[in-house]
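# A structural walkthrough
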Amino acid sequence: MSNITVSLNTLLEKTKHYDKDERWMATSDLCTFMQRSPGLDSATEGRICTAILNLLNDDSADVQAIAVRTLTTLYSICTPQLRTIASTLLGRLMSEEKGLRDVYANGLKKLLAVLATLDQRALDQQPQLQMQVVSVCIDPLLRGAVVKKSNSSSSNNTNSSSKHDHVAVYSLEVLSELMLHFGSCELVMAQGERIVGILLGVLKDGQPDLVKRAIPCLGRTTAHLSVQLVERTVETLAAEIRQGGSNSPIYVRTLSSLTQHCGRSLRSKSGLILEILLEFVKPNDDNSNMDGDDDDEDDDDDPLDEEQLSIQTQLRESTFTAISSLMESTPSIVMGNDNDDSNNNSRANLIKITDSISYFLKYDPNYFESDEDDDDEDDEDDNEMSDNDDDLDVDDDDELEEDDDDLDAYGVEDDDDESWKIRRAALRCATSLIQLCNYGNATTTKSSSNSATSSTATDGAAAQTLGEFLWIGGNNDTATAIATTTTTNKKKYKSLSSALLARIQNNAERESHVLLDALAAFQLLLQNTGDASTTTTTSEYMASKRGVILTTSTALLKAKAHVHGKSSVDVKVAVLAILQSLGTNNTTTTTDNDTTAEEQAALSQVMHLLEHDNKSLKHAALVYLHSLQLDQHALAAPYLLQNQHYLQKIVNLTQSTEEWYKIHALALDVLAQLCHNTRAIVDDDTISSEQQNQIAQTYYTALTPAFQQADLDTSIKTSTLLCTAALLTSSLLLDKAATATAAAALLCLSSNQVEQCVQFCCSKCQEVSVRSTALRALLSICTSEYLNFAPYFVSTLGVLADLLSREQKLSVEYIRTFKQGVLDVLLAMLQNSNNIAGIDDDDETEIMSVMDRLLGQLGEIIAPNDLHISHFGLCVTLAAMNAMKNHHHAKYNVMICKLVCRHVVSSLLALVSSPLKLITTQEAGSSSSSNHNASNTSAGSSSSNSSNLLTVVTQILCQLVICSTTTTTHEGTEEGCMSFQELYTSIHSRARECTTSSTTNGNSTASTKSTTTTTSISSSKRTLHNLAVCIASITAVSTPAQLQQVQSELLSVLESPQGGDLQLMLALLTVGELGQRVDLSKSCSAFHIGLLTRYMYGNAAGSSSASAQQYEEEIRSCAAYALGHVCVGCMGTFLPMLLEAFEAGKAAGETNDAAHAKTQYLLLSSVKEIIVYHLKAHCKDDNGGNGNDGVNALPHTLLQDIEPHLTAHLNQKEEGVRTMVAECFGALAALHPDAILAKLSELAARYGSSHDVRACWTVLNSVRCAVVNHVDGGVLGKYLPSFLALLDEQDLEVRTAGLLMVNSVVHYQPNTVTTEHDGSSIMSSQILPKLYELSKLTARREVNLGPFKEIVDDALPTRRAALSVFTTSLKNCPQVLDIPAFMPILAASLGDVQDAQLQAHQIVISVSAQHPQALLDAVDTFVEPLEKTCRKKKGAKTGAELERLLEWIKSALRTMLVLSRLEGLDSEVHRKFCDFVDRTKKNPAYANMLAQLEEENISAPASRG
């Protein structure tokens, strides 16, 4: 430590050295010392701070500069000294050392920025640090501003440099920084009125340097002040503006700043602000500024001098900026809301704003000499553009035409002309207005003069979209809009679109950057008004202007240069953006099958741009061409392909090595997209066979650079791959003139060219940067309908097999994705039967060598640690087996089965024996059949149709057994091909390993035995189930003798289990799976069925295992599963036996009701297995699938046998039994809706009248399960009222069950309750009244818990269920809800218990997006419950309990913020809520939570703008 102290002392001494270089070096070393020595004591920190601050006064500018740079390190290291540093810097700032004030001000601003970003750890050590620094700064800064304001009058004659030394200038700069970071601080907000008063005084004084800083400072300040103070500030500014004077531009700019920073707080004053602002931009000759000067610049009698003109320009520029900010923050000022008066006012505002924008868009006093350009109506636009058509050479292939009189002839330049600032501000205001087209539904009401007619049903919609207004103005009659207007109001454009279009045509705009803004605004208008919501009126009008827009764009693209000799590149890029938006605009695209003359002219000019020297322009032209192919119905494809010189221009961009790589890549993308759009062109003979061959060769030329060069950019390689795939999958590939004698003769490309394309894709699969694209390209090529891929099949298969074997030095996730891509391609190749059919016998050795490598790699990737990749690997394996089996030579099938046995089977069995759920119950073996021949057919089905991994496994095993059986029968035993017995033995050995492992785990110590046993049973059962499915599947396709052998072994185990409980469970599961596939009625006697039944009772004969108690429940469950699935195989024989068990009463070993209930539960679960199996078969049939092969639908006669047993258990005491009954009834209802729903309706009436609570509960849950199983909605609607009648029951559980049923109906089948019959729907007549009633239900009771008592509300689940119904209805059928009627219930729910409150918070957020007005009307009723939740005390809560409480409070704050952002919230009307928001935001306890919520960007969708 002493060495460190000596080093520090040395550095501090050198900071006072006479040599400035020594001081500079010492300061730099001191900065490094602070960074490397954290945790300095306070005394040392104080010495360092003093030294650095003294260096700020150094005579050397270099030393000052490095001292300023060191401040940031000083602030972050010496955090406890920040208050002292701030005080020192402030003192020096206020001193008379004028030359260094900028240094001190910058130091203070950096300090405040660092202070605002301190981490939580530093704040925990000094919790009051920020408040202390703010308290040190605020008062001196305010005094500094006041001092300078009072002295400003005496310093008006000082030069500009001295003004920048004023204390007030730097005080305002630092104060603005303080407001930015700590404006919401309680200490600052307490002095808000004083700050506003001082800043208003600075504005009134009018010094430019001070005003420049005071305006943003005032904006930042008011962003955190109360709504009342902000409104008073606005009123003060409004009064000053009305009085007029030279400061009017200042106050208008201030209003603009206020609207930007606190626009939402100005909603109540938005009308006043807009009214004042519009006075400065009146679009008529009577417009005058506030100090009486005439505003008409064309009046030569009273011209404005240069200073007055400059002030007026600033005023109008600031006015348009303020209007833009006001529209962005308060869209309702022009969009309106649900109030008729507000709609009329917003309509008037919209018209005024649009008129002002349109008028000042053509404001150019130094250019306009007559009124001929003012007469700019729509038809005149058309005529003018049509006159220019003669100047366009649409088929000109030479260089760009250079017109001397185009856009570059504007006369003498006026350097002092600032009128362009007004036009630019008007354009930005227009942009803000156009952006409101995306706000909500973007509707603006019609004028009040039309309100009477619009209210009738025959006069159409009562609202006009904003897009429609912007395009055609207030008249939505298309014919009138398009027709030539009268001459009575020629100086006003009818719409904003007309004004914008006039500004970009006929050489109207002299300034290039203003023209760019005009082009951008018009492009935005096209972009925001081209969606599906555009009205027919707008669409027709936009379509009528399409030719004018295209012609105008073409003229701009032909221009050589713009004003002042500037390049026209930027203008042309902007024009291309307009053309792109025009092409993607759904309302302006043509419906004809050919391009128009205007489109061809524009396209011709775009193609000329591809030869331009500017790369940005060429890139923009290609972007337009690409978008045109994507979006405009491919209309350009015929034109480009018929004019092959245009196509050649695109190809030329791919041949030059000097071309920008992005242009090269994009040109290939355009060519690829053209390929996708050529099918119709080739089919209808639009191009000849010779042209088609030339086009194909031209495309191939574009690909060759990537074939020949390996060091191209990644984007070029990617685009080449996509273009290659597009070409080989396009109809251009087919030669229509060629004969079909050979596959190769049908192609426009030679076989060598196609082979080179395929090899290129294969080679790029090995490059990390483009391998994913290469795999996608290969996937497209190998599945192409125009290309015979068989000649390249074997070589490509070998490349992909090698890719799987390569060791990748990449992330595990990337390797996984790469393998999945390779497997996708392999699967597509193997499933294409043409690829296999084309293999010659001479290729036998090569194909088997490739298959050997491939299956070897597949065997390695099939593992339990990645089921997804394993599934893909098994699908590829099955596809390979199917492909080889379908070959005309049977030897291929035998060879592939040998390879599978060698490489895959071991991994496959390891996967199956893992304790992973590879299949959902009831789906096992659904692809297998009940006999040998049927299984042979199903095994050959496409693996892509396999529903799960275990299904693929069983198909592979079945094919191996079938192959083994066939070769043994006809050709003798084949070496290397596993027989049925070998597979059966291997699977059983896996089962024995499982049972041995479980037994070892079962012998663990007593302390861990219970936990280990529970886990072991669960995992062992999953493993045994997988193995049972495999055994049953291969047995089902084996010979009759082998089938009989397996059945005998299984029944022997059931009769006398010797291998333990797990072996018994395996036998039971296998019997069930086998019985599902094979009819066991001939070999399985009634004794064996009785044996399964007795196992369910838990008293099976011969069961004497030591672990019987642990496994008894699982054994009984397996027996029930087996019994149900055995019945599936032969319903007529086994189902009556199962149903007889219901009548047997209590078994001999059952001594209590609980045991009997468990038995009934298991019997019902067996019945459920049968029903669900048939239900899934029924669903597959409905979806076009094959269903379950060999299984008939559940007969209606058997349905009549099952239903009475379910009804008998309807009111059982055990809830589990009743739940199982409900699930059975629900599945049955999906199979036979009429019969079952009628029966349930009858039961509801019967038990409802007798008030049988349990039976009613079961009936309602049965209906809910039926809805979940997608019961017929039409049938459900007939019986639903009888079920809804149970909502009148007094029992709360029944009511809750009823509400949950309703919630399911609304979620899955909302049309059932919303369809109107006789003028009303079920929802409105029956559900909603009960919903509102039950939402308010309470049933509180006192529970005595000994030392204390607790209040329990039994109706809480009912209320929560009611809220769930409302939430679901709000999403699926909001049109039937009475939202205002629900607001009192929602307010009560906000004050309910925690879980109900959280639901209510989510409902509020959802409602804010759809029905904000209903929330506004009730927002004050939400204050009390929300504030109560926010004030919850933490108490002694810790851990999860504390976290849950904080999330509860955070949810309430989130709800408050959403409500505070509702459009239309007024501080006067909703004062109670606004005050609550202000109190909460000022409370430091919520600062962190509110900051987090702000970072989440929470906002009500209704307030988007």
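Residues numbered from 1 in each chain as written. Predicted model: local features only at pLDDT ≥ 70, side-chain atom pairs only at ≥ 80, totals over all residues. Heavy atoms only, no water.

### Points about the overall build of the protein chain
Quick note on the threshold: We count a stretch as a helix when DSSP gives it H or I for four or more residues in a row; a strand needs E for two or more, and each element gets its number in order from the N terminus. Think of it in three bands: residues with accessible area under 20% of the maximum for their type are buried, residues over 50% are exposed, and the middle band is partly exposed, with areas taken using a 1.4 Å probe on protein chains only. Here, two residues are considered to be in contact whenever any of their heavy atoms come within 4.5 Å of each other.
Looking only at helices and strands, the protein chain features 72 helices and six strands. Going through the 1505 residues of the protein chain one by one, you find that 54% of them count as buried. In the protein chain, the share of contacts with a sequence separation of at least 24, taken over all contacts with a separation of at least 6, comes to 76%.

### A word on the confidence of the model for the protein chain
Segments scoring low in pLDDT should not have their predicted coordinates read at a detailed level. Operational definition: Note: pLDDT gives the predictor's confidence per residue, expressed from 0 to 100.
Of the residues in the protein chain, 75% reach a pLDDT of 70 or more, and the chain-wide mean stands at 76. Confidence, read as mean pLDDT per element, is least for helix 22 (residues 451-454) in the protein chain (34) and greatest for helix 62 (residues 1292-1308) (94). Considering only residues more than four positions removed or in separate chains, one finds that residues 285-301, a stretch of pLDDT under 50, has 33 contacts. Note on residues 739-745: pLDDT is under 50 here. Beyond four places in sequence and across chains, it has six contacts.

### Brief notes about the state of the cysteines
Cut-off, in case you're wondering: Pairs of cysteine sulfur atoms within 2.5 Å are what we label disulfides.
This model, assessed by the stated rule, comprises zero disulfides. Of all cysteine sulfurs, the one in Cys761 lies closest to Cys757, which takes part in no disulfide; the gap is 7.2 Å. Left unpaired, Cys761 is separated from the closest cysteine sulfur, that of Cys762, by 6.9 Å.

### A short note on the packing of helix 33 (residues 644-652) against helix 34 (residues 661-676)
So the rule is basically this: Here, axes are lines fitted to C-alpha atoms. For helices the fit covers the stretch in contact, and angles between N-to-C directions go from 0 to 180 degrees. Here roughly perpendicular refers to angles of 65 to 115 degrees, roughly parallel to angles under 35, roughly antiparallel to angles over 145, and oblique to all remaining angles. Note that Gly is not counted as nonpolar here; it falls among the polar residues with everything else outside the nonpolar set of Ala, Val, Leu, Ile, Met, Phe, Trp, Tyr, Cys and Pro and the charged set of Asp, Glu, Lys and Arg.
At a minimum axis distance of 8 Å, the contact between helix 33 and helix 34 shows a crossing angle of 140 degrees. Compared by their axis directions, helix 33 and helix 34 come out oblique. Of the residues in helix 34, those touching helix 33 at Leu647, Ile650 and Val651 are Ala667, Val670, Leu671 and Leu674. Class assignment of the residues belonging to the contact of helix 33 with helix 34 gives a composition of seven nonpolar, no polar and no charged.

### Re the pattern of salt bridges
Rule in force here: Note on definitions: salt bridges are taken to be side-chain nitrogens of Lys or Arg within 4 Å of carboxyl oxygens of Asp or Glu.
Enumeration over the complete set of coordinates arrives at 38 salt bridges. For Arg424, the salt bridge is made with Glu317, and the minimal N-O distance between the two is 3.2 Å. Of this pair, Arg424 sits in helix 21 (residues 419-435) while Glu317 sits in helix 17 (residues 306-329); the two residues are 107 residues apart in sequence, bridging distant segments of the chain. Members of the salt-bridge network, linked through shared partners, are Asp364, Arg423, Arg503 and Glu509.

### Points about the packing of aromatic side chains
Here a ring pair, both rings aromatic, is described through the centre-centre distance and the interplanar angle of the planes. Filter applied, for reference: Geometry of aromatic contacts follows a simple scheme: Phe, Tyr and Trp rings, the Trp one being its six-membered ring, pair when their centres are within 6.5 Å, and the pair is stacked under 30 degrees between planes, edge-to-face over 60, tilted otherwise. Two conditions define a charge located above a ring, namely a distance within 6 Å from the ring centre to NZ of Lys or CZ of Arg, and an angle within 35 degrees of the ring normal.
Tallying each qualifying case throughout the model produces 13 aromatic pairs. Plain terms: the ring middles of Phe707 and Phe760 are 4.9 Å apart, the flat faces sit at 55 degrees to each other, and that makes the pair tilted. A residue pair is termed long-range when its members are at least 10 positions apart, and Phe707 in helix 36 (residues 689-708) and Phe760 in helix 38 (residues 751-764) qualify at 53 residues. For the pair Phe707 and Phe760, a shared accessibility class is recorded, and that class is buried. Aromatic ring contacts, followed pair by pair, group Phe320, Tyr359, Phe360 and Tyr363 into a single cluster. Over the ring of Tyr363 we find Arg316; its NZ or CZ atom is 5.5 Å from the centre of that ring. One cation-aromatic arrangement involves Arg1218 over Trp1257; the distance from NZ or CZ to the ring centre is 4.8 Å.

### A few points about the pairing of strand 6 (residues 1349-1353)
Note on strand geometry: in a regular strand, side chains alternate between the two faces of the sheet. Selection criterion: When DSSP finds two or more bridges between a pair of strands, those strands are recorded as paired.
Two strands pair when backbone bridges link them, and strand 5 (residues 1340-1344) and strand 6 are joined in this way by five bridges, in the antiparallel orientation. Residue Val1343 lies in a different strand from strand 6, and its bridge partner there is Glu1350.

### Some points on unusual backbone geometry
Negative phi characterises most residues that are not glycine, and trans characterises most peptide bonds. The phi dihedral of His1251 is positive, around 55 degrees, even though this residue is not glycine. Tracing the backbone through its elements, the reader meets His1251 in the loop between helix 59 (1233-1249) and helix 60 (1253-1268). Of note, the phi angle at His1270 is positive, near 65 degrees, even though the residue is not glycine. Relative to the helices and strands, His1270 resides in the loop between helix 60 and helix 61 (1273-1284).

### Some remarks on the pairing of strand 5
Counting buried residues in strand 5 gives zero out of five residues, a small share hidden from the surface. Counted along the chain from strand 5 to the antiparallel partner strand 6, the turn is four residues long, and its residue Gly1346 has a positive phi close to 90 degrees.

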